[in-house]
Amino acid sequence: MNIPIRRVVTGHTSEGIAVFTSDEEFETIIIPTGDAAMTTLWTTATVPADCNDETDGAKRDAGTTLKGGSVIRIVDMLPGASSPLHRTDSIDYGIIISGEIELELENKVSKRIGAGEIIIQRGTVHKWKNPSETEVCRIVFVLIEAKPYEMNGIPLPEYMQH
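Since the model is a prediction, treat every value here as computed from it, not as a measurement.

## Thoughts on the overall build of the protein
Counting its regular elements, the protein contains zero helices and 15 strands. Its C-alpha atoms give the protein a radius of gyration of 17 Å, within 12% of the compact-globule value 15 Å for 162 residues. With the principal axes as the frame, the protein shows a C-alpha extent of 55 × 45 × 30 Å. Here the protein, with 162 residues, has 37% of them falling under the buried criterion. A separation of at least 24 residues holds for 62% of the contacts in the protein among residues at least 6 apart in sequence. Counting only carbon and sulfur atoms, one obtains 56% of the accessible surface of the protein, whose full area is about 9800 Å². Each charge class in the protein was averaged separately, 15 positive and 24 negative side chains, and the resulting centres sit 5 Å apart.

So this is what it looks like as structure tokens:
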């Protein structure tokens, strides 16, 4: 897909006046598993976020999620590709920009979600599949650390199928 993503960031002068601090384009980069291409646009080290932190959030080291913080990333699910089954300790807001994605839960039940539709992923075991053999599915994900889901008072662990 490699349609550039424009990121405009605001901040303040030393006098407290609002200014634009950056205006850049990013491209997604294919990840090692080969099922998607991604770019992280911003992260925060804490929730609530600290607007006094002058770190460029795109340069902060973040995995799938960021312990104690938040992440916004663009994911291009490649045609016909599928992610591994996984669970993270986060609440994830997935906004489908283009294409269609299939969200499958561990019980093998799945739903298709298309452009303009939104997924609220709440710490469940799941995987993503792009049902199209020709179209990329572009998703904006906002991931915020969450307390793990508890079953009978015991937190369920994060999980990644290998």
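Resuming the write-up.
## With respect to the side chain of D56
Tracing the sequence through the fold places D56 in the loop between β4 (36-44) and β5 (70-77). A polar contact is formed between the side chain of D56 and the backbone nitrogen of A58, at a distance of 2.9 Å. Here D56 is in contact with R7, E24 and W42, once residues within four sequence places are set aside.

## Some details on the sheet that holds β4
Sheet architecture is open: six strands sit in the order β3-β4-β5-β12-β7-β10, paired in antiparallel fashion. The open sheet is flanked by β3 (29-30) and β10 (118-122), the only strands paired with a single partner. Two strands pair when backbone bridges link them, and β5 and strand β12 (residues 137-145) are joined in this way by eight bridges, in the antiparallel orientation. What sits directly across from S70, in β12, is I144.

## Some thoughts on the pattern of salt bridges
A full pass over the atoms with the stated rule returns nine salt bridges. Among the ionic pairs, R7 bridges to E24, the shortest N-O distance being 2.6 Å. With R7 in strand β1 (residues 5-12) and E24 in strand β2 (residues 18-26), this residue pair connects regions lying 17 residues apart in the sequence. Classification of R7 as buried rests on a relative accessible area of 6%.

## Regarding the pairing of β12
As defined by bridge partners, strand β7 (residues 90-98) adjoins β12 across eight bridges and the pair is classed as antiparallel. Looking at β12, one finds that Y93 is bridged to V142.

Procedures and definitions
Residues numbered from 1 in each chain as written. Predicted model: local features only at pLDDT ≥ 70, side-chain atom pairs only at ≥ 80, totals over all residues. Heavy atoms only, no water. Helix = DSSP H or I, 4+ residues; strand = E, 2+ residues; numbered from the N terminus. Rg over C-alpha atoms; globule rule 2.2 N^0.38 Å. Buried < 20%, exposed > 50% of the residue type's maximum accessible area, 1.4 Å probe, protein only. Contact = heavy atoms within 4.5 Å. Areas by Shrake-Rupley, 256 points an atom, 1.4 Å probe, with all protein chains shown as cover. Lys, Arg positive; Asp, Glu negative; His and termini not counted. Charge placed at Lys NZ, Arg CZ, Asp CG, Glu CD. Polar contact = N/O pair within 3.5 Å; in protein donor to acceptor, adjacent residues only side chain to side chain. Pairing = 2+ DSSP bridges. Salt bridge = Lys/Arg side-chain N within 4 Å of Asp/Glu carboxyl O.

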